[in-house]
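Structure at a glance
Here's the letter readout for the chains.
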Amino acid sequence: MRAKTSWALALGLALGLTAAREAAAWTTSDSLTITITPANYYALDITTTDAHMDLGVVDVNLDTFTVRPATVTVQSSLAATEMSLTASLGPDWTLDANTASGELNALQAWAVFTDTSVAASPSSGGAFNGTTPADSTDLIETSSRVGDGGGRTARFVLAATDPGYKSMNDIPNEGSDPAASKAHLWFKFHTPPSSTATAAQKLYITLTAMAP
């Protein structure tokens, strides 16, 4: 009888411990964590027709304009994008940093962004202003932020009261707002008063998407 009693007691203890463990594992709530990391990036696209960017043979000391725009589209994944504009010119000409007086082999160059309602070069009003690169001017220099970035205000934009004005600040991406994600980019040039060059001169414009 003692052996049976001991066995029964051991079995009872084992069953009791199992039930206690199961009771301890029962909870009223639990949780898990799901992690998703967005693949965020800044991006833009420039669309143009090359023929419209070839201004042909132009005499010295004359104004000339692009008659068709380049269309810039923000394709970032982030909600707001701004951009910088950099330029280089060659092989013989350089960019003129002060248009108050013409210089040998120095091209005066301006850039203006508008909204896409502007279908012809905005050659009047608040477009293509400024004699030196500064606040609220459109004169192209080696590198500058567009709009209100980089410590300067209203670079390469129309006056706020002009038709087609676009601030170029906090531009939405194409996925969220296809119309507002786009801008037209126009150029004006004044050729040097005299030139030693005989070859075609090329102006390279680079736009870089970046954080506001």
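Read on for an overview of the structure. (Residues numbered from 1 in each chain as written. Predicted model: local features only at pLDDT ≥ 70, side-chain atom pairs only at ≥ 80, totals over all residues. Heavy atoms only, no water.)

**Quick notes on the overall build of the protein chain**
Of the regular secondary structure elements, the protein chain holds two helices and nine strands. Going residue by residue from the N terminus, the α and β elements of the protein chain occur as α-β-α-β-β-β-β-β-β-β-β. Burial status across the protein chain gives 33% buried among its 212 residues. Partitioning the contacts of the protein chain with sequence separation of at least 6, the portion at a separation of at least 24 is 70%. For the protein chain, the accessible surface area stands at approximately 12,300 Å², while carbon and sulfur atoms represent 56% of it. (Helix = DSSP H or I, 4+ residues; strand = E, 2+ residues; numbered from the N terminus. Buried < 20%, exposed > 50% of the residue type's maximum accessible area, 1.4 Å probe, protein only. Contact = heavy atoms within 4.5 Å. Areas by Shrake-Rupley, 256 points an atom, 1.4 Å probe, with all protein chains shown as cover.)

**Thoughts on the side chain of Asp162**
Looking at the element boundaries, Asp162 is found in the loop between strand E7 (143–145) and strand E8 (182–190). Of the side chains bearing the opposite charge, Lys188 lies closest to the buried Asp162, which forms no salt bridge; the N-O distance is 13 Å. At a separation of 2.7 Å, a polar atom in the side chain of Asp162 contacts the main-chain amide nitrogen of Gly126. (Lys, Arg positive; Asp, Glu negative; His and termini not counted. Salt bridge = Lys/Arg side-chain N within 4 Å of Asp/Glu carboxyl O. Polar contact = N/O pair within 3.5 Å; in protein donor to acceptor, adjacent residues only side chain to side chain.)

**Some remarks on the environment of Ser144**
Considering the arrangement of structural elements, one finds Ser144 in strand E7. Taking relative accessible area as the criterion, Ser144 reaches 10% and is therefore assigned buried. When the C-alpha atoms of Ser144 and Leu85 are compared, they prove to be 5.5 Å apart, with 59 residues separating the residues in sequence. With near-sequence residues (within four places) excluded, Ser144 lies in contact with Ser84, Leu85, Arg152, Arg155 and Phe156. A distance of 2.9 Å separates a polar atom in the side chain of Ser144 from a polar atom in the side chain of Arg155.

**A short note on the pairing of strand E4 (residues 82–90)**
Summarising burial for E4: seven of the nine residues are buried, a large majority. Sheet topology places E4 next to strand E9 (residues 202–210); nine bridges connect them, and they run antiparallel. Opposite Ser88, over in E9, you have Tyr204 as the bridge partner. (Pairing = 2+ DSSP bridges.)

**A short note on the nonpolar core**
Grouped together as the largest cluster of nonpolar side chains are 23 residues, with contacts concentrated most on Met83, Leu85, Phe113, Ile140, Met168 and Leu185. When contributions to this core are tallied by element, the ones reaching two or more residues are strand E3 (70–74), E4, strand E6 (106–114) and E8. Once residues lying within four places of it in the same chain are set aside, the contact partners of Leu85 are Ala111, Phe113, Ile140, Thr142, Ser143, Ser144, Val146, Phe156, Ile205, Thr206 and Leu207. In terms of nonpolar packing, the next biggest core, distinct from the first, is built from eight residues, Trp110, Val112, Leu139 and Trp186 among them. (Core = buried A, V, L, I, M, F, W, Y, C linked by side-chain atoms within 4.5 Å.)

**As for the side chain of Asn105**
Its location among the elements puts Asn105 in the loop between strand E5 (94–95) and E6. Among all residues touching Asn105, those that are not within four sequence positions of it are Asp92, Trp93, Thr94, Pro192, Ser194, Ser195, Thr196 and Ala197.

**Section: unusual backbone geometry**
Cis rather than trans, the peptide bond between Gly90 and Pro91 has omega equal to 10°. Considering the arrangement of structural elements, one finds Pro91 in the loop between E4 and E5. Of note, Asn61 is a non-glycine position whose phi angle comes to about 60°, a positive value. With respect to the secondary-structure elements, Asn61 resides in the loop between helix H2 (50–53) and strand E2 (63–65). Judged by relative accessible area, Asn61 falls into the partly exposed class, the value being 44%.

**Here's the deal with the sheet that holds E9**
The sheet built from three strands is open, its strands ordered E7-E4-E9 with antiparallel pairing. In this open sheet, the two strands that pair with only one neighbour each are E7 and E9. Each strand axis lies, on average, 20° off the axis of its neighbour in the sheet, ignoring direction. (Axes fitted to C-alpha atoms, helices over the stretch in contact; angles between N-to-C directions.)

Remember, this is a structural readout, not a statement about activity or role.
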